[in-house]
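What follows is the residue order along each chain.
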Amino acid sequence: MPLSGNQDLDEPTTARHPRFPALLLGLPVLLFALITWQVVADGPLVRLDERVSSDLVRPDGLSEFLSDLGNVQVAVPVLAVVLGYVALQTRRADGWWLPVSAAALLMALVPALIIPLKELTDRPGTPAVPPGTGYYPSGHTATAAIAYGCATLLLLPRLHTPLARRVLVTACLVLVLGVGYGLVRRGYHWPLDVVASWCLCAVLLSSLWLFLRRTTPREQPR
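Model, not experiment: these values are computed from the prediction.

A count of helical and extended segments in the protein chain gives ten helices and zero strands. In the protein chain, the order of α-helices and β-strands from amino to carboxyl end is α-α-α-α-α-α-α-α-α-α. Considering the protein chain as a whole, with its 222 residues, one finds that 41% of them fall into the buried category. Intrachain contacts of the protein chain at a sequence separation of at least 6 include 77% that bridge at least 24 residues. As presented, the protein chain carries roughly 12300 Å² of accessible surface, and 68% of it is formed by carbon and sulfur atoms.

See the structure below:
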């Protein structure tokens, strides 16, 4: 039975395109699995990664500053402020605590996922850092991506103009990419360490986005 115009507009995109969530989650998972396999097996992708790193590592003040934006002491307080703001703004709505709790849980999952992966892969660091292992995947990258990404997803429904939402998303991308660039440029991580964390965080943030689409009230902008 054909849908009316209003019904079609109100129907979520993911309902009209059921393959979209699978692609959104599946592609980063496959890429993360490929990179992890190469790291564990010391495959050709790792040797390419090392050559790229040797060309990119040029420690300077900017790279140090950008990498510091992925510190827990910087990124987590930013998310905490946003969680408090959103909680205060939505506390009168039914289920107001669901988006805030989901974002906080996602942040708590970062060390629970990253630390075992570091121990499993046991990857050594670049020549720019003291000898040691446990550099894959990048914890700073994951911290920045989840903290700034969750903050962005929670704030988007509070913004009422497309321009404001574009500015917010752009700022989030610049921050996350900047942290990754700083970590590689400074030599704190190999490029694949950063890319793998991006893949892992893409899955987590996509899951949160899909969850928020179901819990955000209809009258608020998506």
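Taken as a whole, this structure holds three salt bridges when the rule is applied. Between Arg186 and Glu64 there is a salt bridge, with the nearest N and O atoms lying 2.8 Å from each other. One end of the pair, Arg186, is in helix 9 (residues 162-186); the other, Glu64, is in helix 5 (residues 61-68), and 122 residues separate them in sequence. A relative accessible area of 25% places Glu64 in the partly exposed class. Where Arg123 meets Asp193, a salt bridge forms, and the shortest distance between an N and an O atom there is 2.8 Å. Pair noted here: Arg123 is in the loop between helix 7 (97-121) and helix 8 (139-155) and Asp193 is in helix 10 (residues 191-215), with a separation of 70 residues, a long-range link. Residue classification places Asp193 among the buried positions, given a relative accessible area of 0%.

On inspection of all chains with the given rule, the structure shows one aromatic pair. Note on Phe32 and Tyr136: the rings are 6.4 Å apart at their centroids and 15° apart in plane angle, and the pair reads as stacked. Highlighted residues: Phe32 in helix 3 (residues 19-41) and Tyr136 in the loop between helix 7 and helix 8, separated in sequence by 104 residues. Judged by relative accessible area, Phe32 falls into the buried class, the value being 15%.

Moving on: the packing of helix 8 against helix 9. Each packed pair of helices is defined by two parameters, the angle between the axes and the distance between the axes. Packing of helix 8 against helix 9 leaves a shortest axis separation of 9 Å and a crossing angle of 175°. When the axis of helix 8 is compared with that of helix 9, the two are roughly antiparallel. Contacts between helix 8 and helix 9 involve His140, Thr141, Ala144, Ala145, Tyr148, Gly149, Thr152 and Leu155 from the former and Leu168, Val169, Cys172, Leu175, Val176, Val179 and Leu183 from the latter. Considered class by class, the residues forming the contact of helix 8 with helix 9 number eleven nonpolar, four polar and no charged.

In an α-helix, one turn spans 3.6 residues, which is why side chains three or four residues apart end up on the same side. Taking 1.5 Å as the rise per residue, helix 8 with 17 residues should run 24 Å; its terminal C-alpha atoms sit 24 Å apart, in good agreement. Most of helix 8 sits inside the fold, with 15 of its 17 residues counted as buried.

Our next topic: the nonpolar core. One finds Ile146 and Cys150 to be the most contacted residues of the largest nonpolar core, which totals 48 residues. Taken together, the elements giving at least two residues each to this core come down to helix 3, helix 6 (72-90), helix 7, helix 8, helix 9 and helix 10. Among residues more than four places away in sequence, those in contact with Cys150 are Leu79, Ala103, Leu106, Ala145, Leu205 and Leu208.

This part is about the side chain of Thr126. Counting through the fold element by element, Thr126 comes out in the loop between helix 7 and helix 8. Separated by 2.4 Å, the side chain of Thr126 and the backbone oxygen of Gly187 make a polar contact. Leave out the neighbours within four places in its chain, and Thr126 touches Ser53, Gly187, His189 and Trp190.

Reading the values: rules and limits
- Residues numbered from 1 in each chain as written.
- Predicted model: local features only at pLDDT ≥ 70, side-chain atom pairs only at ≥ 80, totals over all residues.
- Heavy atoms only, no water.
- Helix = DSSP H or I, 4+ residues; strand = E, 2+ residues; numbered from the N terminus.
- Buried < 20%, exposed > 50% of the residue type's maximum accessible area, 1.4 Å probe, protein only.
- Contact = heavy atoms within 4.5 Å.
- Areas by Shrake-Rupley, 256 points an atom, 1.4 Å probe, with all protein chains shown as cover.
- Salt bridge = Lys/Arg side-chain N within 4 Å of Asp/Glu carboxyl O.
- Phe/Tyr/Trp six-rings, centres within 6.5 Å; stacked < 30°, edge-to-face > 60°.
- Axes fitted to C-alpha atoms, helices over the stretch in contact; angles between N-to-C directions.
- Parallel < 35°, antiparallel > 145°, perpendicular 65-115°, else oblique.
- Nonpolar A, V, L, I, M, F, W, Y, C, P; charged D, E, K, R; others polar.
- Expected span 1.5 Å × (residues − 1).
- Core = buried A, V, L, I, M, F, W, Y, C linked by side-chain atoms within 4.5 Å.
- Polar contact = N/O pair within 3.5 Å; in protein donor to acceptor, adjacent residues only side chain to side chain.

Note that every value here comes from positions in space, so none of it alone points to a role or purpose.
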